[in-house]
Amino acid sequence: MNVPPPYPEIIAGNDPRFLRHAVGAKALGLHFLVEKGFRVPPFFVIPSDAALAIGSQPDLLPGIISLWQQSFAIMPDSLWAVRSSAEVEDGLTRSFAGQFHTEINVAPAGLPSAIAQVLAGFQAVAAADYHTGEAFGYGVILQEMLRPDYSGVIFSHNPLDPLQPEVHINLLPGLGEPLVSGKETAFSVVVRGPKVEYLNPEEDFQGEIFQEKIQPVHRSGRDIATSTTSFYTELAKGARRLAAHKGFPIDAEFAIADGHVYWLQVRPMTSRAPEKVVAIWDNANISENYPGLTLPLSVSFVQRTYYRAYRAMALFLGMSKRQVAANDSLLSQMSGAIDGAMYYHVTAWQQLLYQLPFGKRTSKLITHLWNTTEALFDAPATRSGPLAYLRLLFNLIQSFLNFGKLRQEYLALYDQAMAAHQATDYAALNHEGLVTLFDDLEKKLSDNWVAPMLNGFFTMIFFSLLRKMVNGSRLAAAYPNFTNDILFAQGDVVSVQIVRDYQALLRQMQKTPAIREMMLQTPLEVLPENLAGAFPEFKQQIDLYLERFGERVEAGELKLEIKNYHDEPLRFYEMLKAGSAHSLPEVQHDTRGFDWQKVLRAVYPWQWAWRALLSWVIRATVPRFRDRENFRFMRTKTFGIARALFRAMDADLLRRGFIDGVGDSLYLHLSEINDPAQAETYRGLIAERKAQYADYATVSHASRYHQTSIGFEAVEIAPPESDTAKKGIGCSSGIVTARVAIITDGNPDRDLSGCLLVARAFEPGWVNLFSQAAGVISERGNLLSHTAILCREMGIPAIVGAKGLLTYLHEGDTVWMNGATGEYHLVSDEK
């Protein structure tokens, strides 16, 4: 007679003897849920003694599973999750999240193998660096699988700030594995009291469902919100109740199936003491010039340019060499890349500004100037003493009084650099000779970039002063858009001339049907040649435009890796060709007709002293705005010289076999490409950075990061609710009602005439768009951005800095906007 061996027992989750066994933290959490009346799928546990017996006698497993099936009437077609339950899991300070092994959708026949893998996972964790090295007990959970409509994780408190008692819910359609593994982004909900807020309802979400096999499932955020909204109250109450029972913040896994909420796991919400924020990085302003990823040569070139220019300005103003040296780390980090995307190091800017005259104000003002969220910072350890401060203040005032001379000196240096650039054949020089030329360019322009730097500083000071004088005054009550309207008076702005000259080309085509017909019908590759033969004067106008403004391009014109219209003229012809297919709006009114002096006399007829002071501040502010934009275009042309130098270096390196392909040197840092002695190492550096950038391409970049001692933490800023997402910064007067066109690139293949153009940000090179716009609204930007200045000068009603814009407006919406007040709304809205 054969007697079966004594098999270790599998314990049911509702067994009264459950707590007598060592089953691990996760199993105890499930038992706690059952005990407190929460709905939990049926589960069983292989306790610690049984798990140890299996570890020493693995051949027991089939018999154990067979006995379990018989004892509990387990159906052979049922499906199970096999999960770890270690004593060290789900603790208050360490969760061991993702460290142990889990198997899902396992039929009874496959349980022996799945359990063996989970047991092997315990041994792997015991040997890992993450663990303390101490022995721990463990069990194995067998839990009946659900086929959920949605699965998720819920936090009883804000996971980034456990002191905030707001419930956070993350979920996906189908199974929970893509969520807990981090493979997919979750639909996110915050419950504050009775109020439910959806953080990303406009996105689409992918999950997995099990129907014979794992299959993908897609749901829109709106569909998820509609399907799950009835469960949020139950989930939030459950999370709060569990936190109250436990006495600390918790997070729990749950599933929604067959119209019910099932609780799958509960554990302490592990947290660490908040790391001190040592720096803040933000791309709200810099992304206008460096959208998307920026390659290492551009990143390091920009860092170096800022370093030399601002260092030169500090020395020019009389800051001691000792103090400048103490600020070296700040000067060298005014910008940088996070996962390949460009950011301003806001804290560095603030701490440097703090040390200059008016620094307490300007260091706080910089975020307002960039139209980004305020940033707190510690005052710098290095500061100017009383005598040094007076010296800086005296030199700053003297620089303002002598600014005309400084400006002319810079323009002379700039013209010399341009002339030398045009006279030099870079292709005739080798790598070493080109490095020498670059060094000379830096000494001529970067080290003498004082006038543009001072102009930006003066712009910030006077614009701030003007707004302070006007806001809340009798003038603001009578003319709410006065500050913006006076900026129309500046004139002579090169970026506006770029658009107007482009419009002149379009109007010439409209007035000459034969030219327009050739533009429309001729293949692009032969268009320049055909125009030269048939319409030589028009071809000369195009050539002149490219000569003057060819550094511009649709996007990212300051990136060294971008090819502009000088490099690829056919791109400009392509834009002209597209523009010829559409009608051009009537010429906008002349916005420089605003008589601000007449307004001042009308509002302050007897306050002659106040009127004189306002007039002086206005006259000081307006030219600074004009010069700021013109200096920015000079910077673009200067970067064009650098681009030509680096392209020639790239060609020489390729010819001599130091790199493998055109453009490979863009993956080098400036210090590397400017050191020919390192040429033998270039291949390895380039390969390594190409791999890095392939990874960066998959990263979702935040607008702001907090830098701590352990790295960078994304700062999530929830979009405003729809009833408050209707106001930005009015920057160009005019009231428009028009159809919305959402803009994602500078050369859309459609007629936008008369449309209200809406975008996250407008690139300065999108000249064809400004030629067609009835109005412009941008989610980013400020009163000093290209978009604001172009629209003011061209009389296009415009709003910038409209946070939440793309959540509120959609393609084809009919929208009313007021460019003076910054207000906008759907015409169907009640006002």
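How each quantity is defined
- Residues numbered from 1 in each chain as written.
- Predicted model: local features only at pLDDT ≥ 70, side-chain atom pairs only at ≥ 80, totals over all residues.
- Heavy atoms only, no water.
- Helix = DSSP H or I, 4+ residues; strand = E, 2+ residues; numbered from the N terminus.
- Buried < 20%, exposed > 50% of the residue type's maximum accessible area, 1.4 Å probe, protein only.
- Salt bridge = Lys/Arg side-chain N within 4 Å of Asp/Glu carboxyl O.
- Pairing = 2+ DSSP bridges.
- Axes fitted to C-alpha atoms, helices over the stretch in contact; angles between N-to-C directions.
- Contact = heavy atoms within 4.5 Å.
- Core = buried A, V, L, I, M, F, W, Y, C linked by side-chain atoms within 4.5 Å.

(A) Structural detail: the overall build of the protein. Counting its secondary structure elements, the protein contains 30 helices and 25 strands. When burial is assessed residue by residue, the protein has 53% of its 831 residues classed as buried.

(B) Up close: the pattern of salt bridges. Applying the stated criterion to the full structure yields 23 salt bridges. Across the pair Glu629 and Arg632 runs a salt bridge, and its minimum N-O distance is 3.6 Å. In this pair, Glu629 and Arg632 both sit in helix 25 (residues 608-655), three residues apart, roughly one turn of the helix. Side by side, Glu629 and Arg632 carry an identical accessibility label, which is buried. What emerges from the salt-bridge pattern is a single network uniting Arg304, Arg308, Glu442 and Asp447.

(C) Spotlight on the sheet that holds strand 6 (residues 150-155). Spatially, 9-8-7-6-12-13 is the arrangement adopted by the six strands of the open sheet, whose pairing is antiparallel. Looking along the sheet, the strands with just one partner apiece sit at the ends: strand 9 (195-198) and strand 13 (260-268). The average angle at which neighbouring strand axes cross in this sheet is 20°, direction not considered. Of the strand pairs in this sheet, strand 8 (residues 187-192) and strand 9 are connected by four bridges, and their pairing is antiparallel. Residue pairing in the sheet places Val191 in a bridge with Val196 of strand 9. Each of strand 6, strand 7 (167-173), strand 8, strand 9 and strand 12 (250-257) is contacted by helix 6 (residues 221-228), which is oriented at about 80° to strand 6, the strand it contacts most. Contacts between helix 7 (residues 232-246) and the sheet are confined to strand 6, strand 7, strand 8, strand 9, strand 12 and strand 13, with strand 13 contributing the most and set at about 30° to the helix.

(D) Summary view of the nonpolar core. In this structure, Tyr410, Leu454 and Phe646 are the most contacted members of the largest nonpolar core, which totals 84 residues. The greatest single-element share of this core, amounting to 11 residues, is contributed by helix 25. If you look at the next biggest cluster of nonpolar residues, it comprises 42 residues, including Val40, Ile141, Phe155 and Val266.

(E) Structural detail: the pairing of strand 8. Taken across its six residues, strand 8 has five buried, putting it largely inside the fold. Where strand 7 meets strand 8, five bridges bridge the pair, whose relative direction is antiparallel. Across the sheet, residue Leu171 finds its bridge partner in strand 8, namely Phe187. From the end of strand 8 to the start of strand 9, which pair antiparallel, there are two residues, and Gly193 there has a positive phi angle of about 60°.

(F) Region of the structure containing the sheet that holds strand 22 (residues 775-778). Strands sit in the order 19-23-22-21-20-24-25 across an open sheet of seven strands; the sheet is mixed. Edge positions in the open sheet fall to strand 19 (729-732) and strand 25 (823-826), since each of these has one partner strand only. Averaged over neighbouring strand pairs, the angle between their axes works out to 30° when direction is ignored. Inspection of the sheet shows strand 20 (residues 735-742) paired to strand 24 (residues 814-818) by five bridges, in the antiparallel sense. Each bridged residue has a counterpart across the sheet, and for Ala738 the counterpart in strand 24 is Val815.

(G) Summary view of unusual backbone geometry. Positive phi values are uncommon outside glycine, yet Ala73 reaches one of about 55°. Turning to its location among the elements, Ala73 is positioned in the loop between helix 3 (61-72) and strand 3 (80-86). Exposure remark for Ala73: the relative accessible area of 59% places this residue in the exposed category. Positive phi is not limited to glycine here, since Phe358 has a value of about 65°. Tracing the backbone shows Phe358 in the loop between helix 11 (346-354) and helix 12 (359-369). Its relative accessible area of 42% is what places Phe358 among the partly exposed residues.

(H) Representation of the pairing of strand 22 within the structure. The side-chain alternation of strand 22 yields two buried faces, one formed by Gly775 and Ile777 and the other by Val776 and Ser778. Inspection of the sheet shows strand 21 (residues 756-759) paired to strand 22 by four bridges, in the parallel sense. Across the sheet, residue Leu756 finds its bridge partner in strand 22, namely Gly775. Here two bridges tie strand 22 to strand 23 (residues 798-800), and the two strands are oriented parallel to one another. Opposite Val776, over in strand 23, you have Ala798 as the bridge partner.

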